[in-house]
Amino acid sequence: MGSGHCCCGVGVGGCGNADGGAVASPTYGSDLNSGVGNGNNSGSNNECWWLCGVDGHSCIHKIEKLRPRSTPGGKKLHCCHDMMGGYLDKDCTIQGEGLVPEPAVYNIRNWQIIDSFCYFSHNRVTIPPACWINCGHINGTKVLGTFITEWGEGFTECQTLLKDPIGYSEKLAKLMQRFSFDGWLLNIENKITPESMPSLFLFVNTLTEACHKYNPLSLVLWYDSVTVEGALEWQNQLTPRNIHFFGLCDGLFTNYCWKPGFPKTSSELAGARKYDIYTGIDVFGRHTPFGPGFECCQSVESIANDTSVALFAPGWVYENLEKSDFIANNSRFWNQLQQNFAIQPLEFQPGEVFCTTFDQGYGNSLSVAGKNLTSTFNSPWVNINFQELLPSYGDPHSFIYQNGASVSTTIVASSQAFSGGSLLEIKSSEPLPALPDNYAVDLFSLNYPCTGKTIVTFVVNCDTISFMLKVESIGESSQSTHSAYVALVSQGRPKNPAVHLSPNGTVTPSLCQEAQAVIHLSGAWIQMCFALDLEGKRITSLSALLSYSETSPVVRLGGISIHSSGMSQSPQPLPQSAPIQFTSKSYHCSGEESGDILALRWDPISNPEPSYMLIHYRSSSGTVPGTGTETGTGTGTETGTSTPTTICLGRTKNNWFVLTHATLQQLQQRYNNGTPLSPHDNLHIEPVWYCGLSPFGGV
């Protein structure tokens, strides 16, 4: 499948014990028992998964749980991410990068149309990086790893694999469970001897069952390559020669060389399981109908509702076009596709918090609670783990109304962000009509069950904007005609707004709630807090309401939170940042990793979990790493002669922050000419802590 640099990976060797050994390792082995490679012989990227033992405690990067998704059973979209060989610095550095020439990084903003996502590389076993698992999981998207064998080497490895299909399938299922992803893409692109085919069938079926045992929501897909006879002959559709594999797993990912009519044939043969067929589309256009890039949308339209769709290598936008235009091109690509798929609402459990500050996972600067950290963090940064829930309808998105008015939403990287590096900008292309009306700008489709008192908080740059919730009784379908609208307006604003919906229609909210608190925060931000009695209801839509202004209105939205609580008191202001007091600081060897780690621990009672940990580097030569530029004389207590430069930023888990040996090696290679880094001479760790009733800035 596809092409790209074939990195050093993990082959399949001796069978070993099926119950042990199949765990990630910072070194590479020659068989599945000894480790899982990730495309970098230094092992520096394995820190994503490495369990560090520090003073009897375990520290590992937090992996978000998969958000439930109530997929209605229609056409699905699978995204197979094969880009530049995989395991790139910007998606594999678990603590991010704080000193990058520019923040351009491949990312996805349209998760609400993606049902499953596969991280693909030509390593034998590919475990998805933590950042991609997290981005998928918070949006309800399943994230898969890849198991691949190819050509002559793959034929030899499969001979070994198929001597113990049950043992190896159990190992792969345990890897999935251990690293909290959701299944596998099986890509066997080499012939199989006829006598080995029963073992291959057993391997596929056993792996699927084992994955379901550990994760009932898991997904195992078979790539259309090997036929039931063992021949390497791509069918490009469901046929009698590959349908047996389809029956043994959760779905078939077809090859890309299909012709009009093939999806229809697959649909007819699959019957009730037609949406478990994922017709493949190569975004690079290799033998895919209708061409590459932006033209692949025509292939999606051609498939119609015959089958689901598997989109291979959407990173084409990043690889082939100008990096300076990536954001615009990526938005154009996904917004075209979005028209062909249903937007899946964000599902929440009772008592769960909905919170976003529109962080994209990169920025030109960093802000916390309205305060820009320019003095300590003055360069572009990347940490895809920081990406938060983004608007459901794409970015940018335009809303056109029946009277001709238009409004757009755009996520903007800005030094004025409330938290992280981004904010949401809402504006009209021209002044809205001078009527006492409001225009609904849809932001999120969700299913949020309300229990007790529901606290809704918005952080905005002006108090002229209002908001609207669409609510239904719990138990009613999302197509219920018994929906009600609740307007949330700032103090002193009109309480009976007529609302224009896009593209057609108007509505008058049945309830208008005035803000119970309007609080002025740092950086000209305003926090509006609402306490609502919505017991037994669920919120299904959240919109901003724009109204007439003498000038073209531009409203900036810094964050939103919703949580249900039994508390009766009114919302309180968010507290300000405070220094953190560490109870221990150490730099020592740990466990099997056999190297130095930097570990920080603090008292969770007096100091809640920080929002960010900034890792500053101070060059003893007085230069910015890699540039030779003088940075001035430091004024802090650290040794060295230069002003510290922030090189990483990360988050914490269970009151610990750890830089592993692999990370330190990576940093010293990049910033210290390979000379070992010392926390006493070169590194300075700064916590940035922020918490409050509303969970902005929290982890």
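A. The pairing of strand β29 (residues 526-533), seen in detail. Burial runs high along β29: 7 of the 8 residues are buried. Two strands pair when backbone bridges link them, and strand β22 (residues 453-460) and β29 are joined in this way by 8 bridges, in the antiparallel orientation. Bridge pairing links Phe458 to Met528 in β29. In terms of strand pairing, strand β28 (residues 517-520) meets β29 through 4 bridges, oriented antiparallel. For Val518, the partnering residue across the bridge sits in β29 and is Met528.

B. Just the nonpolar core, in detail. Trp184, Leu200, Phe203, Trp222 and Trp334 are the most contacted members of the largest nonpolar core, which has 74 residues in total. When residues in this core are grouped by element, the largest group, 8 residues, is from helix α5 (residues 197-214). Discounting chain neighbours no more than four positions away, the residues touching Trp334 are Leu77, Cys79, Tyr106, Ile108, Asn110, Ile113, Ile114, Leu311 and Pro314. Within the second largest apolar cluster, 46 residues are counted, among which are Leu446, Leu532, Leu534 and Ile560.

C. Inspection of helix α7 (residues 262-270) at higher detail. Turning to α7, its buried residues number three or more, namely Pro263, Ser266, Ser267 and Ala270. Looking straight down α7, one finds that the buried residues subtend no more than 100 degrees of arc, so they occupy a single side. Looking at the packing, one finds that the buried side of α7 touches α6 (243-248), β10 (277-282) and α8 (296-303). Looking one or two residues past α7, Gly271 carries a phi angle of roughly 65 degrees, positive in sign.

D. Layout of the packing of aromatic side chains. This model, assessed by the stated rule, comprises 28 aromatic pairs. When the ring of Phe117 is compared with that of Trp132, the centres are 5.1 Å apart and the planes differ by 20 degrees; the resulting orientation is stacked. In this pair, Phe117 is assigned in strand β4 (residues 116-119) and Trp132 in helix α2 (residues 130-138), connecting sequence segments 15 residues apart. Phe117 sits in the buried class, given a relative accessible area of 0%. Under the relative-accessibility criterion, Trp132 is labelled buried at 1%. Geometrically, the ring pair formed by Phe333 and Trp334 is edge-to-face, given 5.6 Å between the ring centres and 85 degrees between the ring planes. Here the aromatic cluster, defined as three or more aromatic residues joined through ring pairs, consists of Tyr106, Trp111, Phe117, Trp132, Tyr318 and Phe326. One cation-aromatic arrangement involves Arg67 over Phe348; the distance from NZ or CZ to the ring centre is 4.3 Å.

E. A look at empty space enclosed by the protein. Considering all chains together, one arrives at 4 cavities of 30 Å³ or more under this definition. In this structure, the largest cavity is lined by 14 residues; those nearest its centre are Arg109, Trp111, Asn139, Leu390 and Pro391. Residue composition of the lining of the largest cavity, by class: 5 nonpolar, 7 polar and 2 charged.

F. How the structure looks around the environment of Pro503. On the secondary structure map, Pro503 appears in the loop between β25 (498-500) and β26 (506-507). Accessibility expressed as a relative area gives 53% for Pro503, which makes it exposed. Between the C-alpha atoms of Pro503 and Gln402, which are 101 residues apart in sequence, the distance is 6.0 Å. Every residue in contact with Pro503, bar those within four places of it in the chain, is listed here: Ile400, Tyr401 and Gln402.

G. Focus on helix α10 (residues 326-338). Relative to the 18 Å expected for 13 residues at 1.5 Å per residue, α10 spans 18 Å between its end C-alpha atoms, a close match to the ideal helical length. Looking only at α10, the buried set comprises Phe326, Asn329, Asn330, Ser331, Phe333, Trp334, Asn335, Leu337 and Gln338.

H. Main features of the environment of Gly74. Its location among the elements puts Gly74 in the loop between β2 (57-59) and β3 (77-81). Since its relative accessible area comes to 26%, Gly74 is described here as partly exposed. In sequence terms Gly74 and Asn305 are 231 residues apart; their C-alpha atoms lie 8.1 Å from each other. Every residue in contact with Gly74, bar those within four places of it in the chain, is listed here: Tyr275 and Ser308.

I. Here's a closer look at the confidence of the model for the protein chain. Per-residue pLDDT for the protein chain averages 76, and the proportion of residues at 70 or more is 66%. Note on residues 3-60: pLDDT under 50 across the span, and 163 contacts to partners over four residues away in sequence or across chains. Of the regions scoring below 50 in pLDDT, residues 621-642 engages in 41 contacts with residues more than four places distant in sequence or in other chains.

J. Quick peek at the pairing of strand β20 (residues 422-428). β20 sits mainly inside the fold: 6 of its 7 residues count as buried. As defined by bridge partners, strand β19 (residues 406-413) adjoins β20 across 7 bridges and the pair is classed as antiparallel. From the neighbouring strand, Val412 faces β20, where its bridge partner is Leu423. Here 4 bridges tie β20 to strand β31 (residues 554-565), and the two strands are oriented antiparallel to one another. By the bridge assignment, Glu425 is partnered in β31 with Arg556.

K. Seen up close, the pattern of salt bridges. Across all of its chains, the model carries 15 salt bridges by this definition. For Arg69, the salt bridge identified is with Asp115, shortest N-O distance 3.8 Å. Pair noted here: Arg69 is in the loop between β2 and β3 and Asp115 is in the loop between α1 (89-92) and β4, with a separation of 46 residues, a long-range link. Between Arg556 and Glu425 there is a salt bridge, with its nearest N and O atoms 3.5 Å apart. Of this pair, Arg556 sits in strand β31 while Glu425 sits in strand β20, placing them 131 residues apart in sequence. Accessibility expressed as a relative area gives 24% for Arg556, which makes it partly exposed.

Criteria and thresholds
- Residues numbered from 1 in each chain as written.
- Predicted model: local features only at pLDDT ≥ 70, side-chain atom pairs only at ≥ 80, totals over all residues.
- Heavy atoms only, no water.
- Buried < 20%, exposed > 50% of the residue type's maximum accessible area, 1.4 Å probe, protein only.
- Helix = DSSP H or I, 4+ residues; strand = E, 2+ residues; numbered from the N terminus.
- Pairing = 2+ DSSP bridges.
- Core = buried A, V, L, I, M, F, W, Y, C linked by side-chain atoms within 4.5 Å.
- Contact = heavy atoms within 4.5 Å.
- Arc of directions from axis to C-beta.
- Phe/Tyr/Trp six-rings, centres within 6.5 Å; stacked < 30°, edge-to-face > 60°.
- Lys NZ or Arg CZ within 6 Å of the ring centre and 35° of its normal.
- 1 Å grid on protein atoms, 1.4 Å probe; cavity = no way out; pocket = protein on both sides within 12 Å on 5 of 7 lines; lining within 4 Å.
- Points joined across faces, edges and corners; volume = space filled by probe spheres on them.
- Nonpolar A, V, L, I, M, F, W, Y, C, P; charged D, E, K, R; others polar.
- Expected span 1.5 Å × (residues − 1).
- pLDDT = per-residue confidence, 0-100.
- Salt bridge = Lys/Arg side-chain N within 4 Å of Asp/Glu carboxyl O.

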